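Structural overview for review
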Amino acid sequence: MSEGISPLAVIQTAHLGQNVKIGEFCVIRSNVRIGDNVVIHPHVVIESGVELGDGVEVFPGAYLGKEPKSPGVLARKPIFTRRLIIGAGSSIGPHCVLYLDLEIGESCLIGDGASIREQTYIGSKTIIGRYVTVNYNTRIGSGVKIMDHSWLAGNMIIGDNVFISGGVLTANDNAIGLTADYRESDVVGPTIRDNVAIGVGAVILPKVTIGKGALVGAGAVVSRSVEPKAVVMGVPAKHKRYLEEE
């Protein structure tokens, strides 16, 4: 056993980089690739198909590579490939659950208890806050900050340099799950363009587009698309002014 790797860890892969540290009671399955200078704290489980770039740090209790499964109660059948890539220099917080078919860019911070579903891509230098949920088929750009306890619906897009405050909720189904016939084309989350800022506790409804550089006020309920650089506030959200006017 190499120095820095606990004898109490279960390691089934041979793809270990240089200067890797693995703590007690970790389980690392076969076909896992770990780069150089990676630190894996105790009680981490890493399933087959996961790849950790150089300098990644994974904190205690994280579960990487969860397979999406349905006991027959989901309207949507999970579709995924057996891969999870975490870019160099990223940090994965305690008790995160990261599914297969997920790619996280370089120098990202995934906060404590975050859950990120399959078919998701996250750019570089992005922060996913504590206990944030990112659902399936979501694309998140680079330089994004999503604060604690926010909930991102499936089938949505977030551009670059977006700021989403704490407790923001999104939706992707206007039928609220009551329709008997599930059609993927009807289940579409919001599109949030580059440089948007969304205030604390806002709610963004399905199929809404928030234009580049727009500002959504705290507690707003956005039921219609927002023009670029517009400021919207209220329930329902109404146009107040353009940022260019200031």
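Here, the structure is the one placed above.
Model, not experiment: these values are computed from the prediction.

**Some remarks on the overall build of the chain**
The helix and strand tally for the chain stands at zero helices and 33 strands. In terms of overall dimensions, the chain is globule-like: its C-alpha atoms have a radius of gyration of 19 Å, near the 18 Å expected for 246 residues. The principal-axis extents of the C-alpha atoms in the chain amount to approximately 65 × 45 × 20 Å. Out of the 246 residues in the chain, the part that is buried amounts to 44%. If you take every contact in the chain between residues at least 6 apart in sequence, the share linking residues at least 24 apart comes to 20%. Here the chain displays about 11,900 Å² of accessible surface, and carbon together with sulfur accounts for 52% of that area. Within the chain, one finds 23 positive and 24 negative side-chain charges whose respective centroids are separated by 5 Å.

**Overview of the sheet that holds strand β27 (residues 197–198)**
Strand order in the open sheet made by the twelve strands is β3-β6-β9-β12-β15-β18-β21-β24-β27-β30-β32-β33, with mixed pairing throughout. Both outer strands of the open sheet, β3 (21–22) and β33 (238–242), are each paired with one neighbouring strand and no more.

**Observations concerning the pattern of salt bridges**
Counted by the stated rule, this structure contains six salt bridges. In this structure, Arg82 and Glu67 form a salt bridge, with 2.8 Å as the shortest nitrogen-oxygen distance. A residue pair is termed long-range when its members are at least 10 positions apart, and Arg82 in the loop between β10 (63–66) and β11 (84–86) and Glu67 in the loop between β10 and β11 qualify at 15 residues. For Arg82, a relative accessible area of 45% translates into the label partly exposed. Judged by relative accessible area, Glu67 falls into the partly exposed class, the value being 30%. A salt bridge links Arg130 to Asp148, with the nearest nitrogen and oxygen atoms 2.9 Å apart. Here the residue Arg130 occupies a position in the loop between β18 (127–128) and β19 (133–134), and Asp148 occupies one in the loop between β21 (145–146) and β22 (151–152), the gap between them amounting to 18 residues. For Arg130, a relative accessible area of 44% puts it in the partly exposed group.

Thresholds applied
Residues numbered from 1 in each chain as written. Predicted model: local features only at pLDDT ≥ 70, side-chain atom pairs only at ≥ 80, totals over all residues. Heavy atoms only, no water. Helix = DSSP H or I, 4+ residues; strand = E, 2+ residues; numbered from the N terminus. Rg over C-alpha atoms; globule rule 2.2 N^0.38 Å. Buried < 20%, exposed > 50% of the residue type's maximum accessible area, 1.4 Å probe, protein only. Contact = heavy atoms within 4.5 Å. Areas by Shrake-Rupley, 256 points an atom, 1.4 Å probe, with all protein chains shown as cover. Lys, Arg positive; Asp, Glu negative; His and termini not counted. Charge placed at Lys NZ, Arg CZ, Asp CG, Glu CD. Pairing = 2+ DSSP bridges. Salt bridge = Lys/Arg side-chain N within 4 Å of Asp/Glu carboxyl O.

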